[in-house]
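Observations on the three-dimensional arrangement
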Amino acid sequence: MRPGFRYSRCLRYSLIALAGAVILATAVYFALLKAFPPARIAVVLAEHLKTATGRDFKVNGDISIRFLPSLAVVVDDLVLSNAVWGTRPEMLKVKHTAFEIALRPLFNGEVRILKVNLEGADLLLETDRGGRANWRFSSNQNPASKSAFPVFGVEQLAITGAKITYRDGATLAASSFFIESLSLAAQGEFDSISASLLLGQQRFQFAGRVGSVLALMTGAADWPFDLQMKLNGSEVAFNGKLGLKPQVRLDGEMTSVT
């Protein structure tokens, strides 16, 4: 068999295989759009969050579904409501969000969120005069009944371009910082974290592990942390816990080679 003929046949088979893969991917994409319209998935996510947190979750912008590189619901202008006593209606406002969802559980009517990407978030963390914190969520789920939605959990969280404000209800003092980038991944009882933050003109870079964010959201009394920080060429290690009850307090150790 001539080498040129063999090469031509291999190329033809490769092109046929590629065309078949493209057609299959396209068919799967449109089948997903028909079976799981973006608006319907957004409603499920809203009910899912409402059940888990007791807070309203609204989408004021466009909703679309992304198939590659992973299945995701893409949302613009997302809002999570604040506690009823809060100083503004929204606890969280996000310009652009992508919820990456596991495909197989979706066919069983379950929503398993693998990763959440947030761009342009504006988060308000605050307490009232009595020390209640707006990040302590209450579930609408009756423990004696079965929910149509599983317990809310996120395996990974990625944030870029976010403003975080903390307001103390007792002193009325408020302070803000800016998250250039943050990556959070669940690892059992702890979450691994890496972040780059701006406080005024100072850039702080953190890496290490912290207590579960889910435990923090559900009212944990203490939140442990073990972090390494870089600032102006210096490295500092922090180890301890953030106390949340009855008032916010910080207990720990700080060590540095400089």
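Everything here concerns the structure above.
Report follows, based on the coordinates. Note that residues are indexed from 1 along each chain, following the sequence as it is written. Restriction of local features to residues with pLDDT of at least 70 applies here, the model being predicted, together with a cutoff of 80 or more for giving and counting side-chain atom pairs; totals for whole chains, interfaces and linings are based on all residues. Note that the side-chain values use all heavy atoms of the structure and ignore hydrogens as well as water.

Sheet analysis places strand S3 (residues 72-81) next to strand S4 (residues 90-101), joined by nine bridges and oriented antiparallel. Directly across from Val73, in S4, lies its bridge partner Phe99. In the sheet, S4 pairs with strand S5 (residues 113-126) via nine bridges, with the strands oriented antiparallel. Looking across to S5, one finds that Glu100 is bridged to Lys115. By this definition, two strands are paired if DSSP reports at least two bridges between them. For the purposes of this entry, the term helix denotes a DSSP run of H or I that reaches at least four residues, the term strand denotes a run of E that reaches at least two, and both are numbered from the N terminus.

With respect to the element layout, Ser81 can be found in strand S3. Relative accessibility decides the category of a residue: with a 1.4 Å probe and only protein chains considered, values under 20% of the type maximum give buried, values over 50% give exposed, and everything between is partly exposed. On the basis of relative accessibility, which here comes to 17%, the residue Ser81 falls in the buried class. In this analysis, two residues are considered to be in contact whenever any of their non-hydrogen atoms come within 4.5 Å of each other. If sequence neighbours within four positions are ignored, Ser81 has contacts with Arg55, Asp56, Pro89, Glu90 and Met91.

Counting residues in each nonpolar core, the largest one holds 39 residues, and the members touching the most others are Phe57, Phe99, Ile179, Leu182 and Val210. Sequence-distant contacts of Leu182, that is, excluding residues within four places in its chain, are made with Leu157, Ala158, Ile159, Ile193, Ser194 and Ala195. We call a set of buried residues a nonpolar core when its members are Ala, Val, Leu, Ile, Met, Phe, Trp, Tyr or Cys and they connect through side-chain atoms within 4.5 Å of each other.

Turning our attention to the pairing of strand S11 (residues 234-243). Pairing between strand S10 (residues 222-231) and S11: 10 bridges, direction antiparallel. Bridged to Leu227 within S11 is Phe238. Following S10, the chain reverses through two residues before pairing antiparallel with S11; Asn232 in that reversal takes a positive phi of roughly 50 degrees. Pairing of S11 with strand S12 (residues 249-256) involves eight bridges; the strand directions are antiparallel. For Lys241, the partnering residue across the bridge sits in S12 and is Asp251.

When a carboxyl oxygen of Asp or Glu is within 4 Å of a side-chain nitrogen of Lys or Arg, the pair counts as a salt bridge. This model, assessed by the stated rule, comprises seven salt bridges. With its nearest N and O atoms 3.9 Å apart, the salt bridge here joins Glu126 to Arg167. Of this pair, Glu126 sits in strand S5 while Arg167 is found in strand S6 (residues 154-167), placing the two residues 41 residues apart along the sequence. Ionic pairing is found between Arg249 and Asp251, a salt bridge with its closest N-O pair at 3.3 Å. One salt-bridge network, held together by shared partners, links Arg88, Lys93 and Asp122.

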